[in-house]
Amino acid sequence: MPEPHVKDIRIDLPKDVKAICDRAVDILKANGIDLEGALENVDVTKLAGADFEEVAAARKALSIAKIPALLELVEQFEEAGEPLLVFSAHRPPVDLLGERAGWEAISGGVKVTTRPETVKRFQTGITKGVAMTIRSGGMGLTLTRASNIVFVDLDWVPDMNKQAMARPNSVDRVTGFVVTRIIGNHILDDRTLQVLD
């Protein structure tokens, strides 16, 4: 099976999102996790529940801040008539695309029994794209009509991301496909991506 070509798009973040991310980085530092240094042998259990919630909130804010760049990409693919898959660890980008004309969404709130119909409509060209949370749409769905995937952000579990990335692949596929990742210009997003890679 062909390997995907991965390309990254970097975006600037609004000041309020940068401030949320800066706070998350400070919390990590206070718990002995320095994002600028090596992350080997880091004891992430040092993070208290409330502290981790702030880090998770910063990641969610990053996903929301990427929506304008995501919509620009979606419009480009739609204008070119190219089917598209979009993945996010967070629901706001997925929910937004699910409301867009010609799109459907798969997230934890979508019944498993309805997902095959969503796949069928995409595979037959009825819909332009499918937006999915990585955990809900990343496994067990065959979406080979797509040659392009956009990742808004990544799941904490690398294997979940790999599974999502493989949705358009099959033993019959002879052409490669492109994975575009949207990355916010902040160390929190950069280092999360590096660690997961």
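The coordinates are above.
Let us look at the structure shown here.

Description of the overall build of the chain
The helix and strand inventory of the chain stands at eight helices and six strands. The helix and strand sequence of the chain, counted from the amino end, reads β-α-α-α-β-α-β-α-β-α-β-α-β-α. For the chain, the residues scored as buried account for 45% of the 197 residues in total. Considering only contacts in the chain between residues 6 or more positions apart, those separated by 24 or more positions represent 75%.

Thoughts on the pattern of salt bridges
Counting across every chain of the model gives eight salt bridges. Across the pair aspartate 190 and arginine 10 runs a salt bridge whose closest N-O atoms are separated by 2.8 Å. Remark: arginine 10 occurs in strand S1 (residues 5-11) and aspartate 190 occurs in helix H8 (residues 187-196); sequence separation between them is 180 residues. Classification of arginine 10 by relative accessible area gives partly exposed; the value is 46%. Glutamate 104 is paired through a salt bridge with arginine 121; the nearest N and O atoms lie 2.5 Å apart. In this pair, glutamate 104 is assigned in strand S3 (residues 103-106) and arginine 121 in helix H5 (residues 115-123), connecting sequence segments 17 residues apart. Classification of glutamate 104 as buried rests on a relative accessible area of 15%. Judged by its relative accessible area of 28%, arginine 121 is partly exposed.

Points about the packing of aromatic side chains
By the definition in use, this model includes one aromatic pair. Relative to phenylalanine 151, the ring of phenylalanine 87 lies with its centre 5.4 Å away and its plane at 20 degrees, an arrangement referred to as stacked. Pair noted here: phenylalanine 87 is in strand S2 (residues 84-88) and phenylalanine 151 is in strand S5 (residues 148-151), with a separation of 64 residues, a long-range link. Phenylalanine 87 sits in the buried class, given a relative accessible area of 0%. Judged by relative accessible area, phenylalanine 151 falls into the buried class, the value being 1%. Cation over ring: arginine 59 sits above tryptophan 156, and NZ or CZ is 4.2 Å from the ring centre. If you follow arginine 145 out to its NZ or CZ, it ends over the ring of phenylalanine 122, 4.9 Å from the centre.

Notes on the side chain of arginine 181
Tracing the backbone shows arginine 181 in strand S6 (residues 178-184). There is a polar contact of 2.8 Å between the side chain of arginine 181 and the side chain of aspartate 8.

A look at the nonpolar core
With 30 residues, the main nonpolar core has Leu70, Val86, Val150 and Leu188 as its most contacted residues. Counting residues per element, the ones that place at least two in this core are helix H1 (15-30), helix H2 (49-65), helix H3 (67-80), S2 and helix H4 (91-98). Sort the elements by how many residues they give to this core and H1 lands first, with six residues. Apart from residues lying up to four places away in sequence, valine 150 is in contact with Leu70, Leu73, Phe77, Leu84, Leu85, Val86, Phe87, Thr180 and Ile182. Judged by nonpolar contacts, the second largest core, of 21 residues, contains Met132, Phe177, Leu193 and Leu196.

Describing the packing of H3 against H4
Here H3 crosses H4 at 40 degrees, and the two axes come no closer than 11 Å. Regarding the angle of H3 to H4, the classification is oblique. Of the two possible hands of crossing, H3 and H4 adopt the one that is right-handed. Listed contacts from H4 to Ile67, Leu70, Leu71 and Val74 of H3 are Pro92, Pro93, Leu96 and Leu97.

The rules behind the values
- Residues numbered from 1 in each chain as written.
- Predicted model: local features only at pLDDT ≥ 70, side-chain atom pairs only at ≥ 80, totals over all residues.
- Heavy atoms only, no water.
- Helix = DSSP H or I, 4+ residues; strand = E, 2+ residues; numbered from the N terminus.
- Buried < 20%, exposed > 50% of the residue type's maximum accessible area, 1.4 Å probe, protein only.
- Contact = heavy atoms within 4.5 Å.
- Salt bridge = Lys/Arg side-chain N within 4 Å of Asp/Glu carboxyl O.
- Phe/Tyr/Trp six-rings, centres within 6.5 Å; stacked < 30°, edge-to-face > 60°.
- Lys NZ or Arg CZ within 6 Å of the ring centre and 35° of its normal.
- Polar contact = N/O pair within 3.5 Å; in protein donor to acceptor, adjacent residues only side chain to side chain.
- Core = buried A, V, L, I, M, F, W, Y, C linked by side-chain atoms within 4.5 Å.
- Axes fitted to C-alpha atoms, helices over the stretch in contact; angles between N-to-C directions.
- Parallel < 35°, antiparallel > 145°, perpendicular 65-115°, else oblique.
- Left-handed = near helix turned anticlockwise from the far one by under 90°.

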